[in-house]
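Here's the letter readout for the chains.
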Amino acid sequence: MKFHRDVLVVLCAVLGGAAACLVSVQARASGAMLADRMDGLLPLGGHERQTIVVRPGQSIQEAIDQASDGARIFVLAGVYRETASPTNGLIINKSGISLIGQSTPTKRVVLENAGGQRNGIVVVPSERNDCMGCHESMAPPFELRPGVHSGSTSDAPVLYDVEIRGITIRNFVNNGLFTERVDGFRIVDVHSDNNKNYGIFPTRSRNGLIALSKATGADDSGIWIETSEDVLATHNLVEDNTNGFEVSNSDDIDLTYNVARNNSVGFSVVLLPGIFDVRAGAKRINVRDNDVYDNNRPNTARPGSLLSVIPPGSGILYVGVDESEISGNRVFGNKLSGIAIADYCAAASSAPDLDCQADPSITVPYLLDQDARDNHVAGNTVLGNGLDPGSPAENPFAFAASDLTLLTVPDAHGSCFEDNTFGSFFSLLGLPAPPGCD
């Protein structure tokens, strides 16, 4: 079902006017699947639900604490600094909560770091409240601080049907908006501004929507979907992050009609060994109909992290991911590569904690799945990429600079290309042209 242009224009007006409509006119005119996933955004029978209104000078957290499951909390425009928790700005442990910012085109609801807080909004099981600051590092494999217990390893949902809408979250040390073990989440018209690790970060969650949102200023990922399934991210803007979008160790994810610009990497879609024991595999992660351009920002990831060794200049990068579709995208002006598909060992051959020569059946089970297999690259316009990768001393992948790149060995593993408009191609296999599709 096509999402009609007029419907999206009305939706943009409801959710914050021009500020919420940050994507291209061409993207706004399309938007297939958005209508289906937006069902329930404004629930029928809402007058029967508990409704709480928060005004500037009042506490949003107090309203959340007073709310029953299924309540709607409307927050009037203004700047809020919540001090109930030294770690998190806001904590939601209840199902059915709709936290709705009454932002306008000229004034937004802003949640600002009250001082030293690590996370803006966390939607987590109650036992995880205090452990949002338990990690030595928020880079994979997410090492815990000494003496901290890892807690439950279950992926079973604990929270259901949570909505966050119309809120700007800014200046938190770690995450802007974090979810864990939520089934049914809607993140709409949320702006993550200068939250230094991750902007919008759903983990171990499913059946989610991230729409009409913006993420900027993350030293890691603006929007990161991790160890999750069945998530649609559509009509969002990511800019001035290391990764614009990252999707890792997740299945059945659709990223459609987004704009990724001025990041180090526009889309980073990866299978990570550090969280392989949490969720093995990464399949059916589809990137369709996005605008991806000028992703050449210097890499500001934490020194020593795996991300820090990735050179800037990639539009769409797939590493170790299977059975996915990359189609209809417009990819321009990325200095290293436009669209690249790589086996993990080819892309991370210098990673110190991975021995690609090991026996995977004995020591590194992850290696059994490190190949990028059966991906379909079709109908993309990929031009003006790979023209300025830097010297080999600056960029170890400068040799592979091109519009389309295939870094797989010993063969293409079933990945194929068709109906793309491009100017250059590089393959580790020495192929003169991209492998076609049957």
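Residues numbered from 1 in each chain as written. Predicted model: local features only at pLDDT ≥ 70, side-chain atom pairs only at ≥ 80, totals over all residues. Heavy atoms only, no water.

Before going further, it helps to examine the overall build of the chain. Along the chain, the regular secondary structure elements total five helices and 32 strands. Counting only contacts in the chain whose residues sit at least 6 apart along the sequence, the fraction spanning at least 24 positions is 62%. With an accessible surface of roughly 16800 Å², the chain has 53% of that area assigned to carbon and sulfur atoms. (Helix = DSSP H or I, 4+ residues; strand = E, 2+ residues; numbered from the N terminus. Contact = heavy atoms within 4.5 Å. Areas by Shrake-Rupley, 256 points an atom, 1.4 Å probe, with all protein chains shown as cover.)

Mapping Asn299 onto the fold places it in the loop between strand E22 (291–293) and strand E23 (314–319). For Asn299, a relative accessible area of 22% translates into the label partly exposed. Along the backbone, Asn299 and Thr242 are 57 residues apart, and their C-alpha atoms lie at a distance of 5.6 Å. Side-chain polar atoms of Asn299 contact the backbone oxygen of Ile310, separated by 2.8 Å. (Buried < 20%, exposed > 50% of the residue type's maximum accessible area, 1.4 Å probe, protein only. Polar contact = N/O pair within 3.5 Å; in protein donor to acceptor, adjacent residues only side chain to side chain.)

Further remarks concern the sheet that holds strand E26 (residues 337–342). In spatial order, the strands read E4-E7-E9-E11-E14-E17-E20-E23-E26-E29-E32; together these 11 strands make up an open sheet with parallel pairing. The sheet is open, and its two edges are formed by strand E4 (88–92) and strand E32 (425–427), each paired on a single side. Adjacent strand axes in the sheet meet at a mean angle of 10°, parallel and antiparallel pairs treated alike. The sheet contact formed by strand E14 (residues 221–226) and strand E17 (residues 243–248) spans five bridges and is parallel. Bridge pairing in E17 links Ser221 to Asn243. (Pairing = 2+ DSSP bridges. Axes fitted to C-alpha atoms, helices over the stretch in contact; angles between N-to-C directions.)

With that settled, the discussion passes to the nonpolar core. Ile73, Leu99, Ile121, Ile164, Leu255 and Ile316 are the most contacted members of the largest nonpolar core, which has 85 residues in total. Broken down by element, this core gets its largest block of residues, five residues, from strand E8 (residues 159–170). Excluding anything up to four places from it in sequence, Ile164 contacts Ile92, Leu99, Ile121, Leu177, Arg186, Ile187, Val188 and Val190. One finds Leu336, Ala342, Ala346 and Ala400 within the second-largest nonpolar core, a separate group that totals six residues. (Core = buried A, V, L, I, M, F, W, Y, C linked by side-chain atoms within 4.5 Å.)

Across the chain, the bulk of peptide bonds are trans and the bulk of non-glycine residues have phi less than zero. Cis rather than trans, the peptide bond between Val409 and Pro410 has omega equal to 5°. Mapped onto the fold, Pro410 is located in the loop between strand E29 (402–407) and strand E30 (416–418). Phi angles above zero are rare outside glycine, and Asn249 is one such case at about 50°. Within the secondary structure, Asn249 sits in the loop between E17 and strand E18 (251–256). Using a relative accessible area of 0% as the deciding quantity, one classes Asn249 as buried. Its identity is not glycine, yet His413 carries a phi of approximately 55°, on the positive side. Inspection of the secondary structure puts His413 in the loop between E29 and E30.

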